[in-house]
Amino acid sequence: MTRDWDAGTYDRIADPQARWGRGVLDRLPLAGDERVLDAGCGTGRVTELLAVRLPRGHVVALDASASMIEAARGRLAPFGDRVEFVVADLARPLPLSEPIDAILSTATFHWLADHDVLFANLAAVLRPAGRLVAQCGGVGNIASIHRVLAGIGDGWLGATYYATPLDTARRLQAAGFVDVECWLTDEPTRFEPGAPFETFLRTVILGAHLQRLPEAERDGFVRTVVERLPEPLIDYVRLNITARRAAGVPEAGSR
Ligand SMILES: C[S@@+](CC[C@H](N)C(=O)[O-])C[C@H]1O[C@@H](n2cnc3c(N)ncnc32)[C@H](O)[C@@H]1O
């Protein structure tokens, strides 16, 4: 199940994601004329950097959240019809009519529970030999926040899935990818204490938790998490992925 996002706030505060996204994009070699899918584009901050690198190409900006896509439309309007917007769930076969030359995805895969299905859906729209370059939360991500969450409310840790590099490599190979490389990087990220840290937690990490609570309890929940963390620092761990689609995987629509 996908969740609602406060796209306006996310766009303003997602500096860590934008910074990591730039690094991930740097790992995607581009000639400038490709058709590239941004799988989970959010408000389009990373998509914009991608579009700049495709002066003769196209971007498919895909996200499950209509509010994220609406924000991305605004940000990416200057690129005109070189950017196509798709509201779709990466857990379902993707409704793309033309094959994709490469896939970029940042800070998204961990929101999906079933990575076998995710990678099969991506492989089905990617042309043979097309690259997948991605980063998402990996095993150990936000462990200190999980420790706090385990001891408050009903102990729910959220619906995110932080995979290991080994499991991810096996899944990618099973989905028809080759030249697979997966590795973890620690990205401990410090925030301004007080409102900036609380807003970040509320918007990005605790959004799904807060949606399960009555409005009146939400601020208190965020404050409890902050009070129980030793410092305004999030122990992010990122799972990096590079892979190439082998020949012989069925194209979209033929499954
Ligand atoms: C943290 S944001 C990352 C956005 C952007 N890539 C960035 O780096 O700033 C995660 C995005 O994944 C999208 N998302 C989560 N689950 C999804 C799914 N099943 N299908 C498509 N998009 C999904 C969310 O709507 C959200 O826009």
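The structure presented is a predicted model; accordingly, all values stated were derived computationally and were not measured. (Residues numbered from 1 in each chain as written. Predicted model: local features only at pLDDT ≥ 70, side-chain atom pairs only at ≥ 80, totals over all residues. Heavy atoms only, no water.)

## Here's the deal with the overall build of the protein
- When helices and strands are tallied, the protein shows ten helices and seven strands.
- For 255 residues, the compact-globule formula gives about 18 Å, and the C-alpha radius of gyration of the protein, at 18 Å, lands near that figure.
- Across its three principal axes, the protein shows a C-alpha extent of roughly 50 × 40 × 30 Å.
- For the protein, the proportion of its 255 residues judged to be buried stands at 51%.
- Working note: accessible area of the protein is about 11400 Å², and carbon and sulfur atoms make up 51% of it.
- Positive and negative charge centroids in the protein, built from 28 and 33 side chains respectively, lie 2 Å apart. (Helix = DSSP H or I, 4+ residues; strand = E, 2+ residues; numbered from the N terminus. Rg over C-alpha atoms; globule rule 2.2 N^0.38 Å. Buried < 20%, exposed > 50% of the residue type's maximum accessible area, 1.4 Å probe, protein only. Areas by Shrake-Rupley, 256 points an atom, 1.4 Å probe, with all protein chains shown as cover. Lys, Arg positive; Asp, Glu negative; His and termini not counted. Charge placed at Lys NZ, Arg CZ, Asp CG, Glu CD.)

## Focus: the site of the ligand
- As a matter of local geometry, the ligand sits amid 20 residues, with Tyr-10, Gly-40, Asp-63, Asp-89 and Thr-106 nearest to it.
- The side chain of Tyr-10 places a nitrogen or oxygen atom 2.7 Å from an oxygen atom of the ligand.
- In the complex, 96% of the free accessible area of the ligand, which totals 590 Å², lies under the protein chains.
- Taken together, the residues of the shell around the ligand break down into eleven nonpolar, seven polar and two charged. (Near = heavy atom within 4 Å. Polar contact = N/O pair within 3.5 Å; in protein donor to acceptor, adjacent residues only side chain to side chain. Nonpolar A, V, L, I, M, F, W, Y, C, P; charged D, E, K, R; others polar.)

## Observations regarding the nonpolar core
- Counting residues in each nonpolar core, the largest one holds 32 residues, and the members touching the most others are Leu-37, Leu-122 and Phe-177.
- Of all the elements in the fold, those that place two or more residues in this core are strand E1 (35–39), strand E2 (58–63), strand E4 (100–106), helix H5 (115–125), strand E5 (126–137), helix H7 (165–174), strand E6 (177–190) and strand E7 (233–245).
- Among the elements that line this core, the one with the most residues is H5, at five residues.
- What Phe-177 contacts, discounting residues up to four positions off in sequence, is Phe-119, Ala-123, Leu-126, Leu-132, Leu-172, Ala-243, Arg-244, Arg-245 and Ala-246.
- Ala-14, Tyr-162, Phe-197 and Leu-210 belong to the second-largest nonpolar core, a separate cluster that totals 27 residues. (Core = buried A, V, L, I, M, F, W, Y, C linked by side-chain atoms within 4.5 Å. Contact = heavy atoms within 4.5 Å.)

## Focus: the sheet that holds E2
- Strand order in this open sheet of seven strands is E3-E2-E1-E4-E5-E7-E6, and the pairing throughout is mixed. Of all strands in the sheet, those bounded by a partner on one side alone are strand E3 (83–87) and E6. The average angle at which neighbouring strand axes cross in this sheet is 15°, direction not considered.
- As paired elements, E6 and E7 share twelve bridges and run antiparallel to each other. Paired with Val-178 across the two strands is Arg-244, which belongs to E7.
- Docked against the sheet, H5 engages E1, E4, E5, E6 and E7, running at close to 145° with respect to E5. (Pairing = 2+ DSSP bridges. Axes fitted to C-alpha atoms, helices over the stretch in contact; angles between N-to-C directions.)

## Some points on the pattern of salt bridges
- Across all of its chains, the model carries 13 salt bridges by this definition.
- For the salt bridge of Arg-35 with Glu-84, the shortest nitrogen-to-oxygen distance reads 2.6 Å. Placement of the pair is Arg-35 in strand E1 and Glu-84 in strand E3, with a sequence separation of 49 residues.
- The class of Arg-35 is buried, set by a relative accessible area of 11%.
- In this structure, Arg-73 and Glu-70 form a salt bridge, with 3.8 Å as the shortest nitrogen-oxygen distance. Taken together, the positions of Arg-73 and Glu-70, both in helix H4 (residues 66–76) and three residues apart, correspond to about one turn of that helix.
- Given a relative accessible area of 39%, Arg-73 falls into the partly exposed group.
- The network of salt bridges with common partners includes Asp-11, Glu-48 and Arg-75. (Salt bridge = Lys/Arg side-chain N within 4 Å of Asp/Glu carboxyl O.)

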